[in-house]
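Take a look at the letters that make up each chain.
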Amino acid sequence: MIRPADIQLLGNELAIKWSDGEESYYPVEFLRAASPSAENMGEKDLLGNTYGGTNQKLFPGVSLVSWQHIGGYAIQLEFSDKHNTGIYSFEYLRELAKMMR
């Protein structure tokens, strides 16, 4: 499994150097909008219907307060708007990096 070798906050971007040598840079506002939390994305029932979620796509001025590792598979980010329920798996972060290209 590819994992972060180093994580740093550079200005208003989260920078991740991956164990395979690749580097990814994520604008904090983009990460906040992409939060995989149920609060942000909603929850799906057994039939695939989505309930809840904010549908908010812009988070101007939001900053990253902190992050912590969740097991060996993800990080949890805390933003200045107090949002901290999204668990960003390493796989999800790599997918987001592809979207940034």
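Anything mentioned here points back to the structure above.
Residues numbered from 1 in each chain as written. Predicted model: local features only at pLDDT ≥ 70, side-chain atom pairs only at ≥ 80, totals over all residues. Heavy atoms only, no water.

**Some remarks on the overall build of the protein**
Here is the rule we go by: Comment: elements are numbered from the N terminus, with helices defined as DSSP H or I runs of at least four residues and strands as E runs of at least two. With C-alpha atoms as the basis for the radius of gyration, the globule rule is written as 2.2 Å multiplied by the number of residues raised to the power 0.38. Throughout this description, buried means an accessible area under 20% of the type-specific maximum (1.4 Å probe, protein chains only), exposed means over 50%, and partly exposed covers the range between. Between two residues, a contact is recorded if the distance between any of their heavy atoms is within 4.5 Å. Areas reported here follow the Shrake-Rupley algorithm with a probe of radius 1.4 Å; residue values treat only the protein chains shown as occluding.
On a plain count of helices and strands, the protein comes out with three helices and eight strands. For the protein, the N- to C-terminal ordering of α and β elements is β-β-β-α-α-β-β-β-β-β-α. Against the compact-globule benchmark of 13 Å for 101 residues, the protein has a radius of gyration of 14 Å, which places it among compact chains. C-alpha extents for the protein along the principal axes are approximately 40 × 30 × 25 Å. For the protein, buried positions account for 35% of its 101 residues. Across the protein, every contact between residues at least 6 apart in sequence was considered, and the portion connecting residues at least 24 apart equals 38%. Of the roughly 6200 Å² of accessible surface on the protein, a fraction of 52% belongs to carbon and sulfur atoms.

**Thoughts on the pairing of strand 6 (residues 64–70)**
Formally: Strands pair, by our definition, only if DSSP identifies at least two bridges between them.
Pairing of strand 6 with strand 7 (residues 74–79) involves six bridges; the strand directions are antiparallel. Bridged to Ile70 within strand 7 is Ala74. Turn length for the strand 6-strand 7 hairpin, with the two strands adjacent in sequence and antiparallel, is three residues, and the turn residue Gly71 shows positive phi of about 55°.

**Let's talk about the environment of Ala34**
With respect to the helices and strands, Ala34 occurs in the loop between helix 1 (28–33) and helix 2 (38–41). Spatially, the C-alpha atoms of Ala34 and Lys57 are 8.2 Å apart, while their sequence positions differ by 23 residues. For Ala34, the residues in contact, after removing those within four places along its chain, are Asn40, Met41, Tyr88, Tyr92 and Leu96.

Read these as geometric descriptors, not functional statements.
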